[in-house]
Amino acid sequence: MLHLKDISVTFNEGTPDEKEALKPLRLSLAKGDFLTLIGGNGAGKSTLMNVISGVQLADTGQVIIDEIDVTFLPEYKRSSVIGRVFQDPMAGTAPTMTIEENLALAFARNKPRRFIPGVTKDRRKIFKEFLETLNLGLEDRLNAKVGLLSGGERQALSLLMATFTEPKILLLDEHTAALDPDRAELITHLTKKIVEEHELTTIMVTHNMQQALDLGNRLVMMDEGEIILQVEGEEKSSLTIEKLLEEFRNRRGSALNHDQVILS
């Protein structure tokens, strides 16, 4: 479903501030893979997500989604096949629009653009059915402005909007980091449920190492723009935080800075 071939990105090339954000790397995901991505600050995680989504064009290499080369396509052209949820609950939704208006935008993501009503009786019924799966009572607040929702409610709505049309690729960019523990647990549970039910090919960036171990069937660790560890299946299931930290030390010759990750 996703192939990254020799992707590299360098910022401020040829200047004293030059930084090799991504060294030529390869990564492939099959349909339904749920990959958790961890690493310290500056490891290249966000740059990798931006390259996949089209926010950042790679200097070299190819990005292939479902056998289609999208390497040079801008973000808005990839949006029909990519859903993304950001760390900031304020991102990903239009706060001055209602819940149903936001859902109408998401519903039309992969459809031809036409001048027709965004919210209809039939669509409102669909929106209610999807909102009911969140168990937050949002199905009874379709006309509420999204800006009035709590951070957890907005993030749940963002997650629903990102997966509404079952995208080819779902990108979760530390989407629980800004929430309190109870809301973070709720969103984590919803994420697992939605991804598994729809068999979505997913990459989730997280600083929470336990979350990275608990979710998904694959795990990738990055450092200084490189993939330094890939595990999956039973090997991933047997991992612990201590083993992950040991693997980092073995590969990099130094300890991972604990200030850059959440251990539990």
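Residues numbered from 1 in each chain as written. Predicted model: local features only at pLDDT ≥ 70, side-chain atom pairs only at ≥ 80, totals over all residues. Heavy atoms only, no water.

Draft legend 1. Quick peek at a negative patch on the surface. Taken together, the side chains of Glu13, Glu18, Glu20 and Asp59 present a region of like negative charge at the surface. Its location among the elements puts Glu18 in the loop between strand S1 (2-11) and strand S2 (19-29). (Patch = residues over 30% accessible without salt bridge, like charges linked within 9 Å, V, L, I, M, F, W, Y side chains within 5 Å. Areas by Shrake-Rupley, 256 points an atom, 1.4 Å probe, with all protein chains shown as cover. Salt bridge = Lys/Arg side-chain N within 4 Å of Asp/Glu carboxyl O. Lys, Arg positive; Asp, Glu negative; His and termini not counted. Charge placed at Lys NZ, Arg CZ, Asp CG, Glu CD. Helix = DSSP H or I, 4+ residues; strand = E, 2+ residues; numbered from the N terminus.)

Draft legend 2. Representation of the pattern of salt bridges. Tallied over the entire structure, the rule returns seven salt bridges. Between Arg124 and Glu100 there is a salt bridge; the shortest N-O distance is 2.9 Å. Placement of the pair is Arg124 in helix H4 (residues 121-132) and Glu100 in helix H3 (residues 99-107), with a sequence separation of 24 residues. Under the relative-accessibility criterion, Arg124 is labelled partly exposed at 32%. Look at Glu100 and you get buried, because its relative accessible area is 7%. With a closest N to O distance of 3.0 Å, Lys192 and Glu196 form a salt bridge. A residue pair is termed a helical-turn pair when its members lie 3 or 4 positions apart in one helix, as Lys192 and Glu196 do in helix H6 (residues 181-198) at four residues. Lys192 gets classed as partly exposed once you look at its relative accessible area, which sits at 36%. (Buried < 20%, exposed > 50% of the residue type's maximum accessible area, 1.4 Å probe, protein only.)

Draft legend 3. Quick look at the sheet that holds strand S9 (residues 218-223). The strand order S6-S7-S8-S3-S9-S10 describes an open sheet built from six strands, whose pairing is mixed. Of all strands in the sheet, those with a lone pairing partner are strand S6 (82-85) and strand S10 (226-232), marking the two edges. The sheet shows a mean angle of 15° between the axes of neighbouring strands, direction not considered. (Pairing = 2+ DSSP bridges. Axes fitted to C-alpha atoms, helices over the stretch in contact; angles between N-to-C directions.)

Draft legend 4. Just the packing of aromatic side chains, in detail. This model, assessed by the stated rule, comprises four aromatic pairs. Note on Phe130 and Phe164: the rings are 4.6 Å apart at their centroids and 85° apart in plane angle, and the pair reads as edge-to-face. Of this pair, Phe130 sits in helix H4 while Phe164 sits in the loop between helix H5 (151-163) and strand S7 (169-173), and the two are 34 residues apart along the sequence. The exposure class assigned to Phe130 is partly exposed, which follows from its relative accessible area of 27%. Assessed through its relative accessible area of 8%, Phe164 is described here as buried. A network of ring pairs unites the aromatic residues Phe107, Phe127, Phe130 and Phe164 as a single cluster. (Phe/Tyr/Trp six-rings, centres within 6.5 Å; stacked < 30°, edge-to-face > 60°.)

Draft legend 5. Spotlight on the packing of H5 against H6. With their axes 10 Å apart at the nearest point, H5 and H6 run at an angle of 15° to one another. With respect to H6, the element H5 is oriented roughly parallel. Classified by chirality, the crossing of H6 by H5 is right-handed. Listed contacts from H6 to Gly152, Gln155, Ala156, Leu159 and Thr163 of H5 are Arg183, Ile187, Leu190, Thr191 and Ile194. Residues that form the contact of H5 with H6 fall into these classes: five nonpolar, four polar and one charged. (Parallel < 35°, antiparallel > 145°, perpendicular 65-115°, else oblique. Left-handed = near helix turned anticlockwise from the far one by under 90°. Contact = heavy atoms within 4.5 Å. Nonpolar A, V, L, I, M, F, W, Y, C, P; charged D, E, K, R; others polar.)

In short, geometric facts, not functional conclusions.
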